[in-house]
Amino acid sequence: MNYDLQALMERWDGLGVVHRYDQPTRTWVFICMHDNTLGPCTGGTRMKVYSKPGEGLLDGMRLAEGMTNKWAAIDVAAGGGKAVLAVERPLEGEGRRGLLLRYGRLIQSLGGGFHTGEDLGISTEDMKVVAEEADYVHGFHPEDGSKIDPSPFTARAVFAGIRSAVARALEGETLSGKKVLIQGVGSVGANLGMFLKEAGAQLLVSDIDEVRCQRVADQLEATLVPENEVYSTPCDVYAPCAVGATLNPETVPRLQCRIVAGSANNQLAEPGDAARLMERGILYVPDYIINAGGALAFSLLDQGIGDRELLLEKMDAIGDSVTQILQEAASQGESPVVAAQHRVDRALAKSRD
Ligand code: NAD
């Protein structure tokens, strides 16, 4: 892979990349703006140590493209963007605060061209620091200004998406008694488990953090699954809620589930994995649709909707989108990944007309 910054920018079909080298912390800052057809470029800010700055830039570009699709698929008037703070080593204290303030000023200088919220490696506290300098930071409560954790909303939308997929693909149509295996019981996975438990699902959980996994398993009365047995364990739904690329040529043939639906980003290691899943008769719910709950909640907060229960209820809209995509896929005999892309293309084309 060529990680040369200039080559990557020349090849990209996005609107553009605002980049800056932050001397005091030796950090590359990339604000990747992919498409503003539906609204200003909007996406999370990620802080991560990459082996090369270009690797961070490529990550930002791909994630920004994903955001264009996500917003279009869930009917939110926003465009695709993502920012990457490619740090040389993990930053803490004054160094971290200084970088975040300078990053905030950079966002502000774009005059609303880029809007952001938290992503990997960035905490709610970090976003509050960015918001000291920038007006375009999202996820604050409309009444008291407190910063909101998106994970429960993401989890609730994943739950709604799983419910839709089960209604489509499994006998009995409800979650009661269905076996759901959650891989990764962090912020989203643990919340998802609560919703599923309430709906009567039988839970299996797996996490590389054994202490956390045991704690969540006790709370959910779930069965523990060792990390290396996740793909071969029989279940109705496999919910990847940990890391990307868990669906790949090595794991797909081993899967013993009927549905894959979870919050992790970029679940397919390569595009051909969608067809591999379809050939095996496994229904795959595209990740960028089912994991859009946090993004949708932030957009609703901006519209002044701050009531938590109402926000959680509104996550059912993601379940409706999943139902429509699965229906279209079935009627056309195509993968849900293809049906989801058609939905995105239609939304963008309509807005450009
Ligand atoms: P998190 O860091 O709170 O939890 C991730 C959990 O996965 C941790 O408990 C970790 O120990 C575990 N884990 C990591 N590697 C694993 C592996 N190989 N096998 C099993 N467990 C493993 O993260 P989160 O906020 O819960 O997000 C989970 C996933 O959902 C991520 O891929 C994230 O990008 C995606 N996502 C999250 C949100 C959100 O609102 N938090 C929104 C959209 C997408």
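All figures in this text were calculated on a predicted structure; none of them were measured in a lab. (Residues numbered from 1 in each chain as written. Predicted model: local features only at pLDDT ≥ 70, side-chain atom pairs only at ≥ 80, totals over all residues. Heavy atoms only, no water.)

## Remarks on the environment of Pro53
Note the following rule: Secondary structure is summarised from DSSP: a helix means a run of H or I of at least four residues, a strand means a run of E of at least two, and numbering begins at the N terminus for each. Three exposure classes are used, based on accessible area relative to the maximum for each residue type with a 1.4 Å probe and protein chains only: buried under 20%, partly exposed in between, and exposed over 50%. Any two residues whose heavy atoms approach within 4.5 Å at even a single point are treated as in contact.
Along the chain, Pro53 falls in helix H2 (residues 53-73). Of the residues examined, Pro53 reaches a relative accessible area of 32% and is grouped as partly exposed. As for Pro53 and Phe140, which are separated by 87 residues in sequence, their C-alpha atoms are 31 Å apart. Residues contacting Pro53, with those up to four places away along its chain left out, are Leu5, Trp28 and Phe30.

## Points about the pattern of salt bridges
To be explicit about the condition: Note on definitions: salt bridges are taken to be side-chain nitrogens of Lys or Arg within 4 Å of carboxyl oxygens of Asp or Glu.
As enumerated under the stated definition, the model contains 21 salt bridges in all. The shortest N-O distance in the salt bridge between Asp75 and Arg343 comes to 3.9 Å. In this pair, Asp75 is assigned in the loop between H2 and strand S5 (79-87) and Arg343 in helix H13 (residues 336-352), connecting sequence segments 268 residues apart. One salt bridge connects Asp316 with Arg156, and the closest N-O pair in it is separated by 3.7 Å. Of this pair, Asp316 sits in helix H12 (residues 316-332) while Arg156 is found in helix H5 (residues 151-169), placing the two residues 160 residues apart along the sequence. Look at the salt bridges and you will find they share partners, linking Arg46, Asp59, Lys82 and Asp119 into a network.

## Structural notes on the environment of Gly117
Relative to the assigned elements, Gly117 resides in the loop between strand S6 (114-115) and helix H4 (124-131). For the pair Gly117 and Phe140, spaced 23 residues apart in the sequence, the C-alpha separation amounts to 9.6 Å. Residues in contact with Gly117, not counting those within four places in the same chain, are Gly43, Gly44, Thr45, Met127 and His138.

## Some remarks on helix H10 (residues 293-302)
Three- or four-residue spacings in an α-helix give side chains the same orientation, since the helix completes a turn every 3.6 residues. Of all 10 residues making up H10, 9 are buried, and the element is well covered by its neighbours. Among all positions in H10, only Gly293, Gly294, Ala295, Leu296, Ala297, Phe298, Ser299, Leu300 and Leu301 are buried. Immediately beyond the C-terminal end of H10, within one or two residues, lies Gly304, with a positive phi of roughly 90 degrees.

## A word on the site of the ligand
The test is simple: We call a residue near a molecule or strand as soon as one heavy atom of that residue lies within 4 Å of the molecule or strand. The term polar contact refers here to a pair of N or O atoms within 3.5 Å; inside protein, the definition further demands a hydrogen-donor-capable atom paired with an acceptor-capable atom, and it admits residues adjacent in sequence only when both atoms are side-chain atoms. Residue-level accessible areas treat just the shown protein chains as cover; the underlying method is Shrake-Rupley with a 1.4 Å probe. Side-chain classes are defined by residue name, with Ala, Val, Leu, Ile, Met, Phe, Trp, Tyr, Cys and Pro counting as nonpolar, Asp, Glu, Lys and Arg as charged, and the others, Gly among them, as polar.
Neighbouring the ligand are 19 residues; Thr154, Val188, Asp207, Arg212 and Ser263 lie closest to it. Ser151 has a polar side-chain atom sitting 3.2 Å from a nitrogen atom of the ligand. Between the ligand and Thr154 there is a distance of 2.6 Å, counted from an oxygen atom to a side-chain nitrogen or oxygen. Here the ligand, which alone exposes 840 Å², has 75% of that area covered by the protein. Listing elements by their share of the shell around the ligand, those giving two or more residues are H5 and helix H6 (187-198). Among the residues making up the shell around the ligand, the classes are represented as 7 nonpolar, 9 polar and 3 charged.

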